[in-house]
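Residue-level listing of the chains:
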Amino acid sequence: MKKFVFTFITMMLAVASSMAQDVAAIPDNSIYMMDAQVASGYQTVLSLPMKNSAEVQSFQLQIQFPEGVTVVKNDRGRDMIAMNADRSDGHSFSFRQQKDPTIYKMAALQSGYPVVGNDGEVVNITVEVSKDMPAGDYEIKISDVLLANNKYDKGIISENGEYTGKLTVIEPTGVASVSYADSSKKTIIYNANGMPVSNLQKGINIIKDASTGTVKKVLVE
């Protein structure tokens, strides 16, 4: 029990440190990506916050990953991507791969209520880096960002927004194994009660990356 409590506290500290990036230079009413770090051959959760002074009911964007970075699928073959429970108010969500397999389009459709709050994560994406991907900094391009306070053809707040996030890939040497769970797993999933589970559950999930210790909350509806 003590080991679990210590692990859970460490996870919460990792969440705070992962949000330390300065976003003052990001334009208002934008969706961007927090810089992330992961070892080659491992998985991590990418955080896409939205900084908005306007009331946003729906949004859409395109995201392009570098070669060697793929979106992870769960045991049911579904992409591990979800809108953050802290900001969603019943929004439905779409995420589709395009003809170019490195490009995806996503959309959060209006629920009749605005996205909660004015800053913070709106989307979390679990990705895996190829074990053959060289260490270095890589760009993840977010483009065609459209924010609306009504349907997509009305109430446009901003559109054609672009942002480039940085994914730093490091050598796996020295990556620590994780206690109190199956250390062979690249990510560890906890339910809302802090108990480890084998797959994403309905409701709030806490996903910990074994390579960096980064922790994110993901909502499954």
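Just so it is clear, the structure is predicted and the values come from calculations on it, not from any experiment.

Caption draft 1: Representation of the overall build of the chain within the structure. Assigned secondary structure in the chain consists of one helix and 15 strands. Sorting the 221 residues of the chain into buried and exposed places 47% on the buried side. Here the contacts in the chain between residues at least 6 apart in sequence split such that 68% fall between residues at least 24 apart. As displayed, the chain has an accessible area near 11,100 Å², and 50% of this comes from carbon and sulfur atoms.

Caption draft 2: Quick look at the pattern of salt bridges. Overall, the coordinates contain one salt bridge when judged by the stated rule. Here Lys-73 ties to Asp-79 by a salt bridge, and the two come within 2.8 Å at their closest N and O atoms.

Caption draft 3: Broad picture of the side chain of Ser-88. Structurally, Ser-88 can be placed in the loop between strand 6 (81-83) and strand 7 (92-97). Looking at Ser-88, the relative accessible area reads 12%, which means it is buried. Within the structure, the side chain of Ser-88 is placed 3.4 Å from the backbone nitrogen of Gly-90, a separation counted as a polar contact.

Reading guide: rules and limits
- Residues numbered from 1 in each chain as written.
- Predicted model: local features only at pLDDT ≥ 70, side-chain atom pairs only at ≥ 80, totals over all residues.
- Heavy atoms only, no water.
- Helix = DSSP H or I, 4+ residues; strand = E, 2+ residues; numbered from the N terminus.
- Buried < 20%, exposed > 50% of the residue type's maximum accessible area, 1.4 Å probe, protein only.
- Contact = heavy atoms within 4.5 Å.
- Areas by Shrake-Rupley, 256 points an atom, 1.4 Å probe, with all protein chains shown as cover.
- Salt bridge = Lys/Arg side-chain N within 4 Å of Asp/Glu carboxyl O.
- Polar contact = N/O pair within 3.5 Å; in protein donor to acceptor, adjacent residues only side chain to side chain.

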